[in-house]
Each structure stands twice: as structure tokens, then as C-alpha cells.
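Reading the structure
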Amino acid sequence: MPFAAITYDIKPGCEDEIAEIFTDFKRVGDPAVRDESGREVARVLGTALFIQDDTMVRFIEYQGELEAVARFMATQPGVREVERRLKPYLASPRDTDTVEGFVATFQKSTMRCISQLFKPRD
């Protein structure tokens, strides 16, 4: 399963405030990403969030197309709420108020993957 890493430029010294935002994060009920016809096109398997100084990185483990995952995340109430609450702590503004803005920001802040190694399944 591939991983994506999404960066956030944050104001230094606000790690505790940002950690507080994520303490009551609302996870999606169904990790399946569906297209307009209801067919599953991707799946969010897991996420992790790391923060240090002026950088925060969200790791996403997923199946399928990353753009479909970004569009899915753009519509999730929990993600939208977190993006709203993060705004005062961002060093660089993120245009995440619309699906199109969210997807564009997601794509701009996706780190280049250099390596992903997996143990073969038995």
C-alpha cells in the first residue's frame, strides 16, 4: 500500500495548540472512496501526523488514486473542521475552503516519495 506525505508550514512554538486540535479529530465512518456512481475507487487505510518546530507532516496510507483520496478528504467534516481550526497557526495560508482549493493545496504540499519498502506478504 502506498503512502503519501503532506506538509504544513506552521508557526513555530504552537505545537501544543495544534496537538490539541487533533485530540478530538472526527475519523470517517467508512474509509472507502467512491466515485459518482458509488463504485469504490480508493481507500484510506490509515493516517499519522508528526510535528516539529515549523513543520507538520500528515502521512496517509491508501489504496487507489491519490487524487481520489484528496477529493474524498476535502469533503470530510472532520478534515474540514481541522483545516478551519489550523488557519491561525499556519505560516503559509492553505486554500482549503473548496474541494478544488483543497485538492490543489494537497497536490502542492505532497512530498516527493523517494522510497517505500514493504516486506512481502506470506
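Before reading further, recall that the structure is shown in the block above.
A quick note: this is a predicted structure, and the numbers were derived from the prediction, not measured. (Residues numbered from 1 in each chain as written. Predicted model: local features only at pLDDT ≥ 70, side-chain atom pairs only at ≥ 80, totals over all residues. Heavy atoms only, no water.)

So, about the environment of Asp 9. Residue position: Asp 9 is located in strand S1 (residues 3–9). Taking the C-alpha atoms as reference, Asp 9 lies 36 Å from Ser 37; in sequence the two are 28 residues apart. Setting aside residues no more than four positions away along its own chain, Asp 9 makes contact with Asp 54, Leu 90, Ala 91 and Ser 92. (Helix = DSSP H or I, 4+ residues; strand = E, 2+ residues; numbered from the N terminus. Contact = heavy atoms within 4.5 Å.)

What follows covers the sheet that holds S1. Ordered in space as S1-S4-S3-S2, the 4 strands form an open sheet in which the pairing is antiparallel. What marks the edges here is a single partner per strand, and that holds for S1 and strand S2 (32–34). This sheet shows a mean twist of 35° between the axes of neighbouring strands, independent of strand direction. Taken together, the 7 bridges between S1 and strand S4 (residues 55–64) define a ladder with antiparallel strand orientation. Opposite Tyr 8, over in S4, you have Met 56 as the bridge partner. Across the sheet, helix H2 (residues 66–74) touches S1, S2, strand S3 (40–52) and S4, and the angle it forms with S4 is around 115°. (Pairing = 2+ DSSP bridges. Axes fitted to C-alpha atoms, helices over the stretch in contact; angles between N-to-C directions.)

Quick look at the packing of aromatic side chains now. Evaluation of the coordinates by the stated rule reveals 4 aromatic pairs. Centre to centre, the rings of Phe 22 and Phe 25 are 6.3 Å apart; their planes meet at 35°, and the pair counts as tilted. Assessed through its relative accessible area of 27%, Phe 25 is described here as partly exposed. Judged by centre distance (5.4 Å) and plane angle (85°), the rings of Phe 50 and Phe 59 are edge-to-face. Its end group placed over the ring of Phe 25, Arg 58 keeps NZ or CZ at 6.0 Å from the ring centre. Just above the ring of Tyr 8 sits the side chain of Arg 94; from NZ or CZ to the centre is 3.8 Å. (Phe/Tyr/Trp six-rings, centres within 6.5 Å; stacked < 30°, edge-to-face > 60°. Buried < 20%, exposed > 50% of the residue type's maximum accessible area, 1.4 Å probe, protein only. Lys NZ or Arg CZ within 6 Å of the ring centre and 35° of its normal.)

Turning our eyes to something else, we now look at helix H4 (residues 99–108). The periodicity of an α-helix, 3.6 residues per turn, causes residues three or four positions apart to be oriented the same way. Among the residues of H4, Gly 101, Phe 102, Val 103, Thr 105 and Phe 106 are the ones counted as buried. Residues of H4 that are buried make contact with S1, S4, H2 and helix H3 (77–86).

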